[in-house]
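Here are the chains, one letter per residue:
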Amino acid sequence: MAAFMKEVCDMGGMLQQEERNLLSVAYKNVIGPLRRALRITNSVQQKTADERKLKTIAEYKKGLEGKIKQVCDEVQEILIQLIKGAKVEADKSAYDRETAEKLEESHVFFLKMQGDYYRYEAEIEEKINGPVADKALNSYNSAIDAGPTLKPTHPMRLGLALNFLTFYYEIMNNPEKVCELAINAFNGAIAELDTLNEDSYKDSTLIMQLIRDNITLWNCDNGKDSDREG
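So, how was this worked out
- Residues numbered from 1 in each chain as written.
- Predicted model: local features only at pLDDT ≥ 70, side-chain atom pairs only at ≥ 80, totals over all residues.
- Heavy atoms only, no water.
- Helix = DSSP H or I, 4+ residues; strand = E, 2+ residues; numbered from the N terminus.
- Rg over C-alpha atoms; globule rule 2.2 N^0.38 Å.
- Buried < 20%, exposed > 50% of the residue type's maximum accessible area, 1.4 Å probe, protein only.
- Disulfide = S-S within 2.5 Å.
- Expected span 1.5 Å × (residues − 1).
- Bend = angle between axes of the 7 residues up to and from the residue.
- Salt bridge = Lys/Arg side-chain N within 4 Å of Asp/Glu carboxyl O.
- Core = buried A, V, L, I, M, F, W, Y, C linked by side-chain atoms within 4.5 Å.
- Contact = heavy atoms within 4.5 Å.
- Axes fitted to C-alpha atoms, helices over the stretch in contact; angles between N-to-C directions.
- Parallel < 35°, antiparallel > 145°, perpendicular 65-115°, else oblique.
- Left-handed = near helix turned anticlockwise from the far one by under 90°.

Secondary structure summary: the chain contains eight helices and zero strands in total. For the chain, the N- to C-terminal ordering of α and β elements is α-α-α-α-α-α-α-α. Expected size for 230 residues packed as a compact globule is a radius of gyration near 17 Å; at 19 Å, the chain falls within 12% of this value. Overall, the chain is about 65 × 50 × 30 Å in size when its C-alpha atoms are taken along their principal axes. Within the chain, the proportion of its 230 residues that are buried is 43%.

Here it is, written out as structure tokens:
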């Protein structure tokens, strides 16, 4: 599926919402098992004392990291062109309001996805201020800037906030920033619940609940961080 969606993207032109979702799901199905395997491998490595086993684990881990980087590089190559095209279209002024909003959403989607795949690569880099982590931060911030008219209850904006929280928690190790972003995103959405439409109600409320759960897990209400990951 990933190879097929890559061919679709290589054809050029803007992707419709269904196509964007297929692109995202296709590569999640590739990167997800690799990331899970790496987490398990890291856990086993930490619990192993046998030198011979450690050598084998290290070789296997290196192979997993190489595959993850390869997938991330492939996705980034696709996204560079999609982001460029989305920005060109979004910058045009000869659109009605509905079309302009869809173009803005598309631009945010690709920048968010770019931030996600830099984040996956940053998990390997394991440096808080490393170059890949910086790229992820820039992409997430660019996604926020690209969606000024998206309402706080818009599922795209909420999904971006949720992933940005994960980045600050897992990569930047900054619980204070995590809590600030989480509370602002949740309260902003709560304040405009009346703007939710039927089409996005389920998606938006689900993401809001995930953000609320993270606020509880990280003890943000008490101004303290917890040991559990989001």
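Right, let's get into the state of the cysteines. With the rule as written, the count across this model stands at one disulfide. Between cysteine 9, a free cysteine, and cysteine 72, which holds the nearest cysteine sulfur, the sulfur-to-sulfur gap is 16 Å. Owing to a relative accessible area of 11%, cysteine 9 belongs among the buried residues under this scheme.

Moving on to helix H2 (residues 17-47). The first and last C-alpha atoms of H2 sit 44 Å apart over 31 residues, in line with the 45 Å expected at 1.5 Å per residue. Along H2, the sharpest kink reaches roughly 30 degrees, centred on asparagine 29 and followed within four residues by the proline proline 33. Those residues of H2 that sit buried are Arg20, Leu23, Ser24, Ala26, Tyr27, Ile31, Gly32, Leu34, Arg35, Leu38, Thr41 and Asn42.

What follows concerns the pattern of salt bridges. Tallied over the full model, the rule gives nine salt bridges. Between lysine 6 and aspartate 10 there is a salt bridge; the shortest N-O distance is 3.3 Å. Of this pair, lysine 6 and aspartate 10 are both found in helix H1 (residues 2-10), four residues apart, which corresponds to roughly one turn of the helix.

Take the nonpolar core next. Counting 63 residues, the largest nonpolar core has Leu23, Tyr27, Leu82, Phe110, Tyr117, Phe167 and Ile211 as the members making the most contacts within it. Those elements that place two or more of their residues in this core are H1, H2, helix H3 (51-91), helix H4 (97-125), helix H5 (131-146), helix H6 (155-170), helix H7 (175-191) and helix H8 (201-217). Once residues within four sequence positions are removed from consideration, phenylalanine 167 is found in contact with Arg119, Ala133, Ala136, Leu137, Tyr140 and Met172.

The contact between H6 and H8 brings their axes to 9 Å, and the two run at 25 degrees. Relative to H8, the element H6 is oriented roughly parallel. Taken as a pair, H6 and H8 cross one another with a handedness that is left-handed. Between H6 and H8, the residues in contact are Pro155, Leu158, Gly159, Leu162 and Leu165 and Asp203, Ser204, Ile207, Met208, Leu210, Ile211 and Asn214, respectively.

On to the environment of tyrosine 140. Structurally, tyrosine 140 is set in helix H5. In this structure tyrosine 140 comes out as buried when scored by relative accessible area, which is 0%. What tyrosine 140 contacts, discounting residues up to four positions off in sequence, is Lys112, Gly115, Asp116, Arg119, Leu160, Asn163, Phe164 and Phe167.

Before going further, it helps to examine unusual backbone geometry. With phi around 50 degrees, asparagine 173 is a residue other than glycine that occupies positive phi space. Phi angles above zero are rare outside glycine, and asparagine 219 is one such case at about 55 degrees. Take asparagine 219: it is sitting in the segment after H8.

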